[in-house]
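Descriptive structure summary
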Amino acid sequence: MVDDVVATCRVCREWHSVAHRAMTTGNWPEAFNEVVQVDIVYWLDVLVLHIIDTCLRYSQATIVKDKEAATIIEAFTRVWIQYFGSPRILVSDTEGALK
């Protein structure tokens with residue numbers, strides 16, 4: 001009987017619980033510099049090291065002359081570690097210098 005009343009009552013239908021919607025889940029960092037992503041990208045014909053914090057989406061970029069490991073380490077240290085310290089987790093693709 002209650003179900004019949006709720007089904008026909010406009011106000012009751014507005015307050016009736018809505019079916020659960022599917023949600024994506026994932027691990028999201030809780031603090032700045034916890035997870036940092038790095039990638040080498042091309043802008044026009046220039047190599048750029050792009051660094052982004054996953055929590056705040058804050059990013060830095062710097063031009064690099066080549067993809068050598070020493071060049072990438074120096075650039076990462078200069079534009080990120082010098083100011084924010086070492087990230088807890090560093091994520092990169094499998095590109096040669098970032099392995």
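Residues numbered from 1 in each chain as written. Predicted model: local features only at pLDDT ≥ 70, side-chain atom pairs only at ≥ 80, totals over all residues. Heavy atoms only, no water.

Regarding the pattern of salt bridges
- Under the criterion given, the structure shown has 2 salt bridges.
- A salt bridge links Glu34 to Arg88; its shortest N-O distance comes to 3.2 Å. Highlighted residues: Glu34 in the loop between α2 (10-15) and β1 (35-43) and Arg88 in the loop between α3 (69-84) and β4 (89-92), separated in sequence by 54 residues.
- The partner of Glu74 in a salt bridge is Arg78, and the shortest N-O contact between them spans 2.9 Å. Linking Glu74 with Arg78, this pair stays in helix α3, spanning 4 residues, or about one helical turn.
- Of the residues examined, Glu74 reaches a relative accessible area of 41% and is grouped as partly exposed. (Salt bridge = Lys/Arg side-chain N within 4 Å of Asp/Glu carboxyl O. Helix = DSSP H or I, 4+ residues; strand = E, 2+ residues; numbered from the N terminus. Buried < 20%, exposed > 50% of the residue type's maximum accessible area, 1.4 Å probe, protein only.)

Re the nonpolar core
- Membership of the largest hydrophobic core is limited to 12 residues, which are Val36, Val38, Ile40, Leu47, Leu49, Ile51, Val64, Ile72, Ala75, Phe76, Val79 and Trp80.
- Looking at this core, the element that brings in the most residues is α3, giving 5 residues.
- Once residues within four sequence positions are removed from consideration, Val79 is found in contact with Ile51, Gln60, Thr62 and Phe84. (Core = buried A, V, L, I, M, F, W, Y, C linked by side-chain atoms within 4.5 Å. Contact = heavy atoms within 4.5 Å.)

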